[in-house]
Amino acid sequence: MADENILSDDLLRQLISVGEVDIVVGLATHNNAKTAGHVAQMIRAGLLQYFPRQRAVVLNVDAGSRDGTRELVQAAAIGDVRDPMAAQSLRTMRCISVRQPDGRSRGLQAIVESGELLRARACAILSPESSVTPDWIDRLLRPIYSGDFDFISPIYRRNAFDGILITNLLYPVIRALYSQKLREPHPSDFSFSGKFGTHLAGLDLWRREFGAVGSEICFTAAAIAGGFRIQQTFLGPRGHVEHQSADLVPAMQETLGALFWSLDQDFAVWSNGDGTKAVPTIGPDYELTVEPVRVNRKRLFQMFSSAVPNLEPVLRSILTPETHEELRRCVGAREETCHFSDELWAKTVYEFAASNHRNVISRNHIIQALAPLYRGRVHTFLAQNRGASENQVEETIEKLCKTFEMLKPHLLELWTKQEGGS
Amino acid sequence: MWNMIVSELGQAAHELAQELARFLPRLLVMLIIALLGWLAASVARMILRRALRLVGFDRLSQNAGATQLLTQAALPSSSELLCQLIFWVTWIGFILAGLSALGLVGLEELISRFLLFLPRLLAAVLILFAGMLASSFFSRGALLAAVNANLPSPRLLSYSVRVVILFLTISMAFEVIGVAEQTILVAFAIVFGASMLSLAIAFGMGGRDLARQFLQNRLSRKEETTEKEEDELSPL
């Protein structure tokens, strides 16, 4: 049942005037005037081209843009009546645009709950910064609309060094603990069924602190933990996502905070899971490119090596003495010889997860303390893959995932020991 | 003569016996009140201990870093400390009430002054405890923020935050209990003012280049772009 508090009177009025629909496409925006208009046009084109008989609504939830994003989305989504494609459509496509100034998570919640209220069979949420093309609408919505799947996660063509937080942390952890090979556990563009939407609307995650920025990784975890049918679909290049590249610490709080929360919720699921399963995928499992990326590796190493001694009292309360000692040895080396190994990285991440579960210090501080160590890992990952081919980078990621899988008992031991001790 | 002495001694002994007869029941009442106080204090301590365990007070205290501070100071856990405080405050309150039942001249005023002082003492202890939690939390926050922003000397910054908050807390606690109010206030003002002045001088004298670089980076878009380009590595 939808929580009507999140749906404003204005939104409710508009939803009631729309009535029941088959498809909802949500767009959560905030000052995306550069790209949101184009994305709305592509959504409209995709719906007209691939779902001309279905009742569809484009729902733009805007977090208070001041650059005319809402107007651009509305204009693009309504389109031109002389458009021949619009003439072929058998249904009227509606566009709703509302202000939801309480942050991105509230926008996502409003889309999820609107989809539930409109009894939509399929719902997609797209990023206003993605390189959307009309066929994304088909690839994301078709498997849901046909009733075959409940959650569609994207696969993008990425630069091998883009999204290292995903390839070196989120993907390996989700794969090792939830036993599913999902390449994009924190998706920007995804879709889900009405059934899964109802499940999402009832989750506790909307009230969490990290919800102020985003909860997408919780959607992925909830889909796996709830036993929903999941598929991956290849969408092509992802496009430049400005807001996510801005700062490491907010990005980690957004994703890791949500991931750690999901681990707390789903302990019964991930503690019993065994063996990693492949997820049905349309298109390639991954597509990496290796264009050179401009990165100041020296600065990464300097920040890592100075952080470990400076954060000693904090790290001592989070890590086991053995892992802490290994880290200290690691930063004691010269930049060229410093190697933050897969095993040390996996142990570090797991010990942070266990400490977060145990609340050894403020959870926000735990995530902030991991940021400098992540920089050390990025430094090693970049050094390992300098001049490597796409397949070699993929092999490195695969090896890391296997290490995370191998060390799962280490996390379980820390977790259950704490449960018993507390 | 001898008879007079004997008579006076007898009267004195009689009066002493009468005084003792009047005093002993009061002493007994005081002892009973003290015993009841011990029982009441023990019950209060037991109830508080269970309530704190129920709300996970030790975990909250650990989150805020107070447990580490207490461990370093060889003190028991924060919940145990609070329980002991409640026990002693309650028991001392009962003992003083019992002492007033003795009816000793001059003691009643002292007792009433002490009873009036107790809430202030409790408030001061709570202020100190909250200050310790706040200093630990904010100093750790400052340390993490400084490390992630790659600022020089993050531990010094963190330590300064801790010292300032602790000093402020101690001065507030002393003000509440009314001990050396003026001295503490003046000392705080001097230390705080001197720290700020020395920081201003240090930044002015030693940080000219840093300030120039900072302003150049802020005002020159070209340099800012170059710096950003160097770090352009999207984590997501």
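Residues numbered from 1 in each chain as written. Chains lettered and ligands numbered in written order. Predicted model: local features only at pLDDT ≥ 70, side-chain atom pairs only at ≥ 80, totals over all residues. Heavy atoms only, no water.

Draft legend 1. View of the interface of chain B and chain A. Tallying the contact residues gives 24 residues for chain B and 45 residues for chain A. Summed over both sides, the interface of chain B with chain A buries roughly 3000 Å², with 54% coming from carbon and sulfur. Considering only the surface of chain B that becomes buried against chain A, Leu-233, Pro-235 and Leu-236 of chain B emerge as the three largest contributors, covering 26% of it. Applying the counting criterion to the chain B and chain A interface returns zero salt bridges. (Contact = heavy atoms within 4.5 Å. Buried area = accessible area lost by both parts, 1.4 Å probe. Salt bridge = Lys/Arg side-chain N within 4 Å of Asp/Glu carboxyl O.)

Draft legend 2. Layout of helix H1 (residues 2-55) of chain B. Residue and element names in this part refer to chain B. Its 54 residues give H1 an end-to-end C-alpha distance of 77 Å, which sits within 8% of 80 Å, the value for a rise of 1.5 Å per residue. Listed in full, the buried residues belonging to H1 are Met-30, Ala-34, Gly-37, Ala-41, Ser-42, Arg-45 and Leu-52. Following H1 by one or two positions, Gly-56 adopts a phi angle in the positive range, close to 65 degrees. (Helix = DSSP H or I, 4+ residues; strand = E, 2+ residues; numbered from the N terminus. Expected span 1.5 Å × (residues − 1). Buried < 20%, exposed > 50% of the residue type's maximum accessible area, 1.4 Å probe, protein only.)

Draft legend 3. Broad picture of the packing of aromatic side chains. Within this structure, the stated rule accounts for 21 aromatic pairs over all chains. Summarising the aromatic geometry, the rings of Phe-267 of chain A and Trp-270 of chain A are spaced 5.1 Å apart at their centres and angled 90 degrees between planes, so their arrangement reads as edge-to-face. With Phe-267 of chain A and Trp-270 of chain A both in helix H12 (residues 267-272) and three residues apart, the pair spans about one turn of that helix. Under the relative-accessibility criterion, Phe-267 of chain A is labelled partly exposed at 24%. Centroid distance Phe-87 of chain B to Trp-88 of chain B: 5.3 Å. Interplanar angle 85 degrees. Geometry classified as edge-to-face. The exposure class assigned to Phe-87 of chain B is buried, which follows from its relative accessible area of 4%. By relative accessible area, which is 44% here, Trp-88 of chain B ends up partly exposed. Through pairs of rings, three or more aromatic residues link up here, namely Phe-151, Phe-190, Phe-192, Phe-196, Phe-219 and Phe-228 of chain A. (Phe/Tyr/Trp six-rings, centres within 6.5 Å; stacked < 30°, edge-to-face > 60°.)

Draft legend 4. Quick peek at the pairing of strand E6 (residues 190-193) of chain A. Residues and elements named next belong to chain A. The alternating pattern of E6 places Phe-190 and Phe-192 and Ser-191 and Ser-193 on opposite faces, both of which are buried. The sheet contact formed by strand E4 (residues 122-126) and E6 spans four bridges and is antiparallel. What sits directly across from Ala-122, in E6, is Ser-193. Taken together, the two bridges between strand E5 (residues 151-159) and E6 define a ladder with antiparallel strand orientation. Paired with Ile-152 across the two strands is Ser-191, which belongs to E6. (Pairing = 2+ DSSP bridges.)

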